[in-house]
Amino acid sequence: MTREAVVEPVLPEGWELVVGCEVHCELATATKLFCGCRNGFGDEPNRNTCPVCLGLPGSLPVLNEAAVAFAMQLGRALGSTVRGSVFARKNYFYPDMPKDYQITQYDQPTNVDGFLELPTGARVTIERAHIEEDTGKSTHVGGSGRIHDASYSLVDYNRAGVPLVEIVSAPDIHTIDDAKAYVAELRAILVTIGVSDAKMEEGSMRVDANVSVRPAGSDELRTRCEVKNINSIRSLGRAIEYEARRHIDLYNSGQAPRQETRHWDEANGRSTSGRSKEDSEDYRYFEEPDLLPLDATADEIAAIDDAMPPLPAGRRRLLTDAGVDAASAVILVDRGHDHFAAETIRVGGEAALVARHLVHNLPDGPGEVDPAALAALVEMESTGALSSTQAKTVLAELAASGGEPSAVAAAHGFEAMDTGELEGILDDLIAAHPDEWTRFVEGDRKVQGFFVGQIMAATKGQADGKVVNQLMQARLAG
Amino acid sequence: MAERAIGLATAVRAGDRSARSVVESHLAVIAEREPDVHAFNLVLADRSLARADEIDAIVAAGGDPGPLAGVPIAVKDNTCMRGVPTTCSSKILGQWRPPYDATVVQRLHEAGAIAIGKTNLDEFAMGSSTENSAFGPTRNPLDLDLVPGGSSGGSAAAVAAGFAPLAIGSDTGGSIRQPAAFCGVVGMKPTYGAVSRYGLIAFASSLDQIGPFAADVADAAALFEVLAGHDPLDSTSIAEPAAQVSGVLDRGVEGLRVGVISELSGAGIDGIAADVQDRTRTAADALGAAGALVDEVSVPSTVFGLSAYYLIAPAEASSNLSRYDGGRYGLRVDGANNEAMNVASRSAGFGDEVKRRIMLGTYALSAGYYDAYYGKAQKVRTLIRDDFAAAYENHDVLLSPTAPTTAFPLGDRTADPMTMYVNDVCTIPSNLAGHPAISVPYGVGASGLPIGVQVLAPTRGEAVMFQVAAALERTMA
């Protein structure tokens, strides 16, 4: 998943968007949160179940320490305070929740007071990131595909008890692009630290958006709606835009939205009303008596910090500090090619050219090229020993088969034309096309391309376009 | 009451007596008296005979089947046994058969004990008379017109009637100790976490403990040693090895400091019957005569125990019993949609007392009421722990009656739940504190019915508790 470059949809003048996100991520542990069943996606339904994750009478949860370690790592990656925590029961009836309560964390979550830095430099406050168990997965057959008008429902409990972290942001997000960037950045962090595969399409990362609007310049928080069933970053943008416009339309017509959960309908590009706050349930949270409170010692936290891999924001900063432009840095870090880029720059590659080649010419990674070879190639290009077209050709071959850039260039017969040779060719062309040359001299810059093209044809592409341009400009000045 | 467990196991292990003959003789007693008593929801005759043959084969081959070899044991029917219907004496579970054994069931099996039947209880262990059973009440074997106490009334009655030398029950607010007192047997609630709850169908998770019933203290100690010990499947299980208690039974009480809890011995609470007060005082005197240093001690907050308990236990129960929704196992009554099916199944499947406690607990946890009810009850719990801690600063064990009265007639207290709840007033504080306590039969009251005296100890104080209980028992001899 790469970040999309899209044009920010503009909301009607005078309104500001207010968005907070609740993101559920499945942790990539081998086993479930409270039992030894496999935590896997796509297995035969109800294969990965036992008395504990089926909530059978008499069964008891035993906490998976790996899940706690993952959650604490995420907390630290989000700059959170990681602390002792207490599990709680959230009580409500639903057929995909075998105990009819969910074990989660309520008033004492593992991670509090974090933040996430977007590529733009903006910070989003993370209020909490807590551990909880996932539910089973219901498939409602008949009707609209939702439970209320289904003929029957099928439940797969393979997912029941899979460890989740729920990451709750403050309502700090004010543009659709930032909302999308927030989720993309969160995903990048999860993948970087290796605690989740964070695949929205497989449901291992699920985003609910709390959306409201307010008059621009105000700092009030108006009634929000929680939009669920968002299955991609693109959907997130569409859902937020739809919801914001719906709110604005309501306010403009003298009405107001009511606080409710809404269901995003991707196919029809709209959200539909779900539970309202008035009939929302009282979850009757209380401390989970089957589990002990959880410690987080200073030593544990220090060990997590010591083992923390470089995170996306820092990795981007490393590249921009080395001279890479911000947009390329985002792409390189998303693709995981930033380390290669930094290393190439460190051994002498010019930052802009290195970034350009990696972003545009090596989207799938460097292949057989090593940083020294790419640096050498970039050097040949910047000194004019290779044209950009030649450099691209050599690079493709290096990526496929490795080797030394100079040897590959020589094998292709790519040699830098000396300037004297190019001057001669230019003289011949001026002689052959006097009218065009006169137009060029009189300031018609469009014919410059004509001469460059002719020289390229005459040299079978071995001339460096940049050098040709310089020669022509020199004649004008002369 | 019939033979003792330790004697039977010794004979079976030595090959002097076959496990089959032990089981057969107990099945014969069951055949004779069970129709009157109704201690069991299910008698596992074939299964226990088959297991007896296995044990005899082990002995014949020179092996040791374990410390409880060949001893029949009655198992409260809220304890999961693989493939055997486990009902909690509720209609809601239908004929559900657990696909797994409770940890205690496995431990008993490994110790050579033979599960001879599943015993009746108040539905989901909610009650003090075993009258709240969907399958009809259990009667007190000492007088069939009386209740055996509850909720583990079936287990207490099974031991008292000689159906089995041993039984296990569960004790959330006194559900082992009070029926033990009513039936004239020994019943003990271990330290919270001493015995695994894995496979015990939860009533109130922070209070529930499985514990032993036996005809005497030594048998109870032997069974406790089999039941107790760390279980990785129960996160609240104590990590350290359980106390070994059999070795201390003969030590006597010379120099031990015994405090009679003034609030629970008549002075502080109305309704402690005069004969119960009298036997408790006699027990204290007897311990004093045996060399203990006996005095009265105040544990003031114990008087709030009943109120706190009837918020905490129903609150946890309201959550624990949510899973019985008709969806996956047990009783299902169809409805127009899922929610209607849930409501219909639960309405038909739960009895009145269970519904009453679900409602109480749901209310106590509701938004806006949590602090006033559940939150405050938890504070009382802390207070009780603190008061006990203060009392144990200069006492080794505490003493009180087990129940305020002797066994009462069936139907006597079913009309008013509060009169039933008061039964647990002396036993509840130990559950709230997580402490061990044991009820020892100590003679009879005015109407010739047994009276139990309770020995209480601090967390993991089972050894000194059993030591005093054994000494107390000897003063009766």
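Residues numbered from 1 in each chain as written. Chains lettered and ligands numbered in written order. Predicted model: local features only at pLDDT ≥ 70, side-chain atom pairs only at ≥ 80, totals over all residues. Heavy atoms only, no water.

**What about the overall build of chain B?**
Turning to step 1, where the next piece is worked out: Across its full length, chain B holds 15 helices and 11 strands.
Turning to step 2, where the next piece is worked out: Here chain B has a C-alpha radius of gyration of 21 Å; the compact-globule value for 477 residues is 23 Å, and the two agree.
Turning to step 3, where the next piece is worked out: Dimensions of chain B along its principal axes, counting C-alpha atoms only, are 70 × 60 × 45 Å.
Turning to step 4, where the next piece is worked out: When burial is assessed residue by residue, chain B has 63% of its 477 residues classed as buried.
Turning to step 5, where the next piece is worked out: Restricting the contact set of chain B to residue pairs at least 6 apart, pairs at least 24 apart contribute 76%.
Turning to step 6, where the next piece is worked out: Chain B carries 35 positive and 52 negative side-chain charges, and their two centres are separated by 5 Å. (Helix = DSSP H or I, 4+ residues; strand = E, 2+ residues; numbered from the N terminus. Rg over C-alpha atoms; globule rule 2.2 N^0.38 Å. Buried < 20%, exposed > 50% of the residue type's maximum accessible area, 1.4 Å probe, protein only. Contact = heavy atoms within 4.5 Å. Lys, Arg positive; Asp, Glu negative; His and termini not counted. Charge placed at Lys NZ, Arg CZ, Asp CG, Glu CD.)

**Side note on the domain arrangement of chain A**
All names here are of chain A.
Turning to step 1, where the next piece is worked out: Parsing chain A into structural domains produces domain 1 (15-306), domain 2 (310-411) and domain 3 (419-477).
Turning to step 2, where the next piece is worked out: With 5 residues of domain 2 in contact, the opposing surface of domain 3 contributes 5 residues.
Turning to step 3, where the next piece is worked out: Roughly 300 Å² is buried in total at the junction of domain 2 and domain 3, and carbon and sulfur atoms are behind 34% of that figure.
Turning to step 4, where the next piece is worked out: Of all residues in domain 2, G384, S387 and Q390 give up the largest surface area on contact with domain 3, accounting jointly for 79% of the area buried on that side.
Turning to step 5, where the next piece is worked out: If you look at where domain 2 meets domain 3, you find 0 salt bridges.
Turning to step 6, where the next piece is worked out: Where domain 2 packs against domain 3, one counts 0 residue pairs in polar contact (both at pLDDT 80 or more).
Turning to step 7, where the next piece is worked out: The residue inventory of the side of domain 2 that touches domain 3, partitioned by class, reads 1 nonpolar, 3 polar and 1 charged. (Domains from an automatic or database assignment. Buried area = accessible area lost by both parts, 1.4 Å probe. Salt bridge = Lys/Arg side-chain N within 4 Å of Asp/Glu carboxyl O. Polar contact = N/O pair within 3.5 Å; in protein donor to acceptor, adjacent residues only side chain to side chain. Nonpolar A, V, L, I, M, F, W, Y, C, P; charged D, E, K, R; others polar.)

**Section: the sheet that holds strand 11 (residues 450-456) of chain B**
Residue and element names in this part refer to chain B.
Turning to step 1, where the next piece is worked out: Strand order in the open sheet formed by 11 strands is 1-3-2-4-6-5-10-11-9-7-8, and the pairing between neighbours is mixed. The two strands at the open ends of the sheet, each matched to only one other strand, are strand 1 (40-43) and strand 8 (293-297). Averaged over all pairs of adjacent strands, the angle between their axes in this sheet comes to 30 degrees, without regard to strand direction.
Turning to step 2, where the next piece is worked out: Its contacts with the sheet place helix 12 (residues 371-393) against strand 7 (257-261), strand 8, strand 9 (397-401) and strand 11, and it is angled at close to 120 degrees to strand 9. (Pairing = 2+ DSSP bridges. Axes fitted to C-alpha atoms, helices over the stretch in contact; angles between N-to-C directions.)

**So, the interface of chain B and chain A**
Turning to step 1, where the next piece is worked out: Contact residues are listed per partner, giving 38 residues for chain B and 30 residues for chain A.
Turning to step 2, where the next piece is worked out: Roughly 2600 Å² of surface becomes buried between chain B and chain A when both sides are summed, with 55% attributable to carbon and sulfur atoms.
Turning to step 3, where the next piece is worked out: Looking at the side of chain B facing chain A, the largest losses of area belong to B:S235, B:R323 and B:R328, adding up to 23% of the total buried there.
Turning to step 4, where the next piece is worked out: Summed over the shared surface of chain B and chain A, the number is 2 salt bridges.
Turning to step 5, where the next piece is worked out: The partner of A:D100 in a salt bridge is B:R328, and the shortest N-O contact between them spans 3.9 Å.

**Examining the packing of helix 9 (residues 305-320) of chain B against helix 12 of chain B**
Residue and element names in this part refer to chain B.
Turning to step 1, where the next piece is worked out: Orientation of helix 9 relative to helix 12, taken along the N-to-C sense of each, is 125 degrees, at an axis distance of 9 Å. One element, helix 9, and the other, helix 12, form an angle in the oblique class. Every pair of crossing elements has a handedness; the one defined by helix 9 and helix 12 is left-handed. In this structure, helix 9 contributes G305, A308, L311, I312, A315 and E316 to the contact, and helix 12 contributes Y373, Y374, A377, Q378, V380, R381 and I384.
Turning to step 2, where the next piece is worked out: Considering only residue class, the contact of helix 9 with helix 12 consists of 9 nonpolar, 2 polar and 2 charged. (Parallel < 35°, antiparallel > 145°, perpendicular 65-115°, else oblique. Left-handed = near helix turned anticlockwise from the far one by under 90°.)

**A word on a nonpolar patch on the surface**
Turning to step 1, where the next piece is worked out: Taken together, B:V303, B:F304 and B:L383 make up a surface patch of nonpolar side chains, about 250 Å² in accessible area.
Turning to step 2, where the next piece is worked out: Summarising the element assignment, B:V303 is placed in the loop between strand 8 and helix 9. (Patch = residues over 30% accessible without salt bridge, like charges linked within 9 Å, V, L, I, M, F, W, Y side chains within 5 Å. Areas by Shrake-Rupley, 256 points an atom, 1.4 Å probe, with all protein chains shown as cover.)

**Quick notes on the domain arrangement of chain B**
All names here are of chain B.
Turning to step 1, where the next piece is worked out: Taken domain by domain, chain B holds domain 1 (5-247), domain 2 (257-302 + 376-475) and domain 3 (308-371).
Turning to step 2, where the next piece is worked out: One C-alpha centre belongs to domain 1, the other to domain 2; they are set 23 Å apart.
Turning to step 3, where the next piece is worked out: Here domain 1 packs against domain 2, burying approximately 3200 Å² in sum over the two surfaces, 63% of which is carbon and sulfur.
Turning to step 4, where the next piece is worked out: In terms of surface lost to domain 2, no three residues of domain 1 exceed R177, F182 and V217, which account for 19% of the buried area on that side.
Turning to step 5, where the next piece is worked out: Run the count over domain 1 and domain 2 and you get 1 salt bridge.

**Some points on empty space enclosed by the protein**
Residue and element names in this part refer to chain A.
Turning to step 1, where the next piece is worked out: Evaluated as defined, the whole model comprises 5 cavities of 30 Å³ or more.
Turning to step 2, where the next piece is worked out: In this model, the largest cavity occupies a volume close to 200 Å³.
Turning to step 3, where the next piece is worked out: Lining of the largest cavity is provided by 27 residues; of these, V52, G55, S59, P61 and K99 occupy positions nearest its centre.
Turning to step 4, where the next piece is worked out: One number sums up the size of the second largest cavity: a volume of about 90 Å³.
Turning to step 5, where the next piece is worked out: Among the residues making up the lining of the second largest cavity, the classes are represented as 6 nonpolar, 5 polar and 3 charged. (1 Å grid on protein atoms, 1.4 Å probe; cavity = no way out; pocket = protein on both sides within 12 Å on 5 of 7 lines; lining within 4 Å. Points joined across faces, edges and corners; volume = space filled by probe spheres on them.)

**Here we look at the nonpolar core**
Turning to step 1, where the next piece is worked out: Counting residues in hydrophobic clusters, the biggest one holds 133 residues, and the most contacted among them are A:I167, A:Y182 and B:F124.
Turning to step 2, where the next piece is worked out: Residue contributions to this core peak at 10 residues, all from helix 2 (residues 176-193) of chain A.
Turning to step 3, where the next piece is worked out: Among the nonpolar cores identified, the runner-up in size contains 92 residues, and B:V71, B:A111, B:A167 and B:I176 belong to it. (Core = buried A, V, L, I, M, F, W, Y, C linked by side-chain atoms within 4.5 Å.)

**Digging into the sheet that holds strand 14 (residues 286-287) of chain A**
Residue and element names in this part refer to chain A.
Turning to step 1, where the next piece is worked out: The 3 strands are arranged 4-3-14 in an open sheet whose pairing can be described as antiparallel. Two strands close off the open sheet at either side, each with one partner strand: strand 4 (101-105) and strand 14.
Turning to step 2, where the next piece is worked out: With 2 bridges joining them, strand 3 (residues 87-91) and strand 14 adopt antiparallel strand pairing. For A88, the partnering residue across the bridge sits in strand 14 and is E287.

**Describing the packing of aromatic side chains**
Turning to step 1, where the next piece is worked out: Considering all chains together, one arrives at 26 aromatic pairs over all chains under this definition.
Turning to step 2, where the next piece is worked out: Ring plane angle 50 degrees and centroid distance 5.3 Å describe the contact between B:Y100 and B:Y198, whose orientation is recorded as tilted. Taken together, the residues span a long stretch of sequence, with B:Y100 in the loop between strand 2 (72-76) and helix 4 (103-110) and B:Y198 in the loop between strand 5 (186-189) and strand 6 (209-214) at a distance of 98 residues.
Turning to step 3, where the next piece is worked out: By relative accessible area, which is 7% here, B:Y100 ends up buried.
Turning to step 4, where the next piece is worked out: Each residue in the set B:W96, B:F124, B:Y324, B:Y329 and B:F350 is aromatic and connected to the rest through ring pairs, giving one cluster.
Turning to step 5, where the next piece is worked out: The ring of A:Y283 has A:K90 sitting right over it, with the charged end atom 4.4 Å from the ring centre.
Turning to step 6, where the next piece is worked out: The positively charged end of A:R445 is found above the aromatic ring belonging to A:F440, 5.3 Å away from the centroid. (Phe/Tyr/Trp six-rings, centres within 6.5 Å; stacked < 30°, edge-to-face > 60°. Lys NZ or Arg CZ within 6 Å of the ring centre and 35° of its normal.)

**Examining the packing of helix 7 (residues 217-227) of chain B against helix 15 (residues 462-476) of chain B**
Residue and element names in this part refer to chain B.
Turning to step 1, where the next piece is worked out: Interhelical geometry of helix 7 versus helix 15 gives an angle of 160 degrees and a closest axis separation of 9 Å. Between helix 7 and helix 15, the angle is such that the two are roughly antiparallel. With respect to the hand of their crossing, helix 7 and helix 15 are arranged in left-handed fashion. Contacts between helix 7 and helix 15 involve V217, A220, A221 and F224 from the first element and E462, F466, A469, A470 and E473 from the second.
Turning to step 2, where the next piece is worked out: Partitioning the contact of helix 7 with helix 15 into residue classes produces 7 nonpolar, no polar and 2 charged.

**Brief notes about the side chain of A:R159**
Residues and elements named next belong to chain A.
Turning to step 1, where the next piece is worked out: In this fold, R159 is placed in the loop between strand 8 (152-156) and strand 9 (163-169).
Turning to step 2, where the next piece is worked out: For R159, the side chain forms a polar contact with the side chain of D134, separated by 3.4 Å.
Turning to step 3, where the next piece is worked out: Here the side chain of R159 touches T135 through a polar contact of 3.1 Å, landing on its backbone oxygen.
Turning to step 4, where the next piece is worked out: With sequence-adjacent residues up to four places away left out, R159 is seen in contact with E26, D134, T135, G136, K137 and R206.

**Re the pattern of salt bridges**
Residue and element names in this part refer to chain A.
Turning to step 1, where the next piece is worked out: Under the definition given, this model contains 46 salt bridges over all chains.
Turning to step 2, where the next piece is worked out: Put simply, D290 and R89 hold a salt bridge, and the shortest N to O gap is 3.1 Å. Linking D290 in the loop between strand 14 and helix 4 (298-307) with R89 in strand 3, this pair joins segments that are 201 residues apart in sequence. Taken individually, D290 and R89 each receive the classification buried, so the pair is uniform in this respect.

**Describing helix 2 (residues 19-37) of chain B**
Residue and element names in this part refer to chain B.
Turning to step 1, where the next piece is worked out: Along helix 2, the sharpest change in direction is near 40 degrees and occurs at A31; proline P35 comes one to four residues later.
Turning to step 2, where the next piece is worked out: Looking at the packing, one finds that the buried side of helix 2 touches helix 1 (5-14), strand 1, helix 3 (45-60), strand 2, strand 3 (114-119) and helix 5 (153-160).
Turning to step 3, where the next piece is worked out: Note on helix 2: the residue one or two positions beyond its end, H38, has a positive phi of about 55 degrees. (Bend = angle between axes of the 7 residues up to and from the residue.)

**As for unusual backbone geometry**
Turning to step 1, where the next piece is worked out: Omega for the peptide link from B:G150 to B:S151 comes to 10 degrees, which places this bond in the cis form.
Turning to step 2, where the next piece is worked out: Positive phi values are uncommon outside glycine, yet A:N229 reaches one of about 65 degrees.
Turning to step 3, where the next piece is worked out: Position of A:N229 relative to the elements: it lies in strand 11 (residues 225-230).
Turning to step 4, where the next piece is worked out: Accessibility expressed as a relative area gives 33% for A:N229, which makes it partly exposed.

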